[in-house]
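Each chain is listed here by its residues.
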Amino acid sequence: MEDSLKDIRIQVKDMVVLEDDHTYAVTASAILENIEYYFLVDINNSQNIKIGYQDKEEIVMIEDQSIIKSLMPKFGQSVIKTIKEFLPSEKNDEVK
């Protein structure tokens, strides 16, 4: 990562550079068993996605399919919340 994450808390809408030197948008977050996970999308290749959590100075990627399966509905809710933040209030009810 370019900058140390030691004193930085990752948030949705942030951009992070991972060890593969790709820049990822943090598009969603979800908490599972007291761990906050992040859904990361490569800004130059939307098919390149990563799921991980922040551990002090690094983002630890996960590949455990049972955890990922549990996180996907939660990530969906996070995306809906983010979309609603950008919409005029009268349009919020249209997003489910």
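As a reminder, the structure under discussion sits directly above these lines.
For clarity, every value in this text was computed on a predicted model and none was experimentally measured. (Residues numbered from 1 in each chain as written. Predicted model: local features only at pLDDT ≥ 70, side-chain atom pairs only at ≥ 80, totals over all residues. Heavy atoms only, no water.)

Caption draft 1: Structural detail: the overall build of the protein. When helices and strands are counted, the protein shows one helix and five strands. Reading the secondary structure of the protein in the N-to-C direction produces β-β-β-β-β-α. When burial is assessed residue by residue, the protein has 31% of its 96 residues classed as buried. Restricting to contacts in the protein with at least 6 residues of sequence separation, those with at least 24 account for 37%. Entry remark: accessible area of the protein is about 6700 Å², with carbon and sulfur atoms responsible for 47%. (Helix = DSSP H or I, 4+ residues; strand = E, 2+ residues; numbered from the N terminus. Buried < 20%, exposed > 50% of the residue type's maximum accessible area, 1.4 Å probe, protein only. Contact = heavy atoms within 4.5 Å. Areas by Shrake-Rupley, 256 points an atom, 1.4 Å probe, with all protein chains shown as cover.)

Caption draft 2: The sheet that holds strand 4 (residues 45–55), seen in detail. The antiparallel open sheet is built from five strands, whose spatial order is 1-2-3-4-5. Only two strands of the sheet have a single partner each, and these edge strands are strand 1 (15–17) and strand 5 (58–61). Between one strand axis and the next, the sheet turns through 50 degrees on average, direction left out of account. Two elements, strand 1 and strand 2 (residues 23–32), share three bridges in a ladder whose sense is antiparallel. Pairing of Val16 across the sheet is with Tyr24, part of strand 2. (Pairing = 2+ DSSP bridges. Axes fitted to C-alpha atoms, helices over the stretch in contact; angles between N-to-C directions.)

Caption draft 3: Looking closely at the packing of aromatic side chains. Summed over all chains, the structure comprises two aromatic pairs. When the ring of Tyr37 is compared with that of Tyr53, the centres are 5.9 Å apart and the planes differ by 80 degrees; the resulting orientation is edge-to-face. Remark: Tyr53 occurs in strand 4 and Tyr37 occurs in strand 3 (residues 35–42); sequence separation between them is 16 residues. Taking the relative accessible area as the measure of exposure, Tyr37 reaches 5% and is therefore buried. (Phe/Tyr/Trp six-rings, centres within 6.5 Å; stacked < 30°, edge-to-face > 60°.)

Caption draft 4: Examining the side chain of Thr82 more closely. Looking at the secondary structure, you find Thr82 in helix 1 (residues 65–86). Accessibility expressed as a relative area gives 14% for Thr82, which makes it buried.

Caption draft 5: Focus on unusual backbone geometry. Positive phi, normally seen in glycine, also occurs at Asp21, with a value near 65 degrees. Here the phi dihedral of Lys56 falls at roughly 55 degrees; this positive angle occurs in a residue that is not glycine. One can find Lys56 in the loop between strand 4 and strand 5.

Caption draft 6: Spatial organisation of the nonpolar core. Ala28, Ala30, Leu32, Tyr37, Phe39, Val41, Ile51, Ile62, Ile68, Leu71 and Phe75 form the largest nonpolar core, which has eleven residues in total. When residues no more than four places from it in sequence are discounted, the contact partners of Ala30 are Ile35, Glu36, Tyr37, Leu71, Lys74 and Phe75. If you look at the next biggest cluster of nonpolar residues, it comprises eight residues, including Ile10, Leu18, Val26 and Ile59. (Core = buried A, V, L, I, M, F, W, Y, C linked by side-chain atoms within 4.5 Å.)

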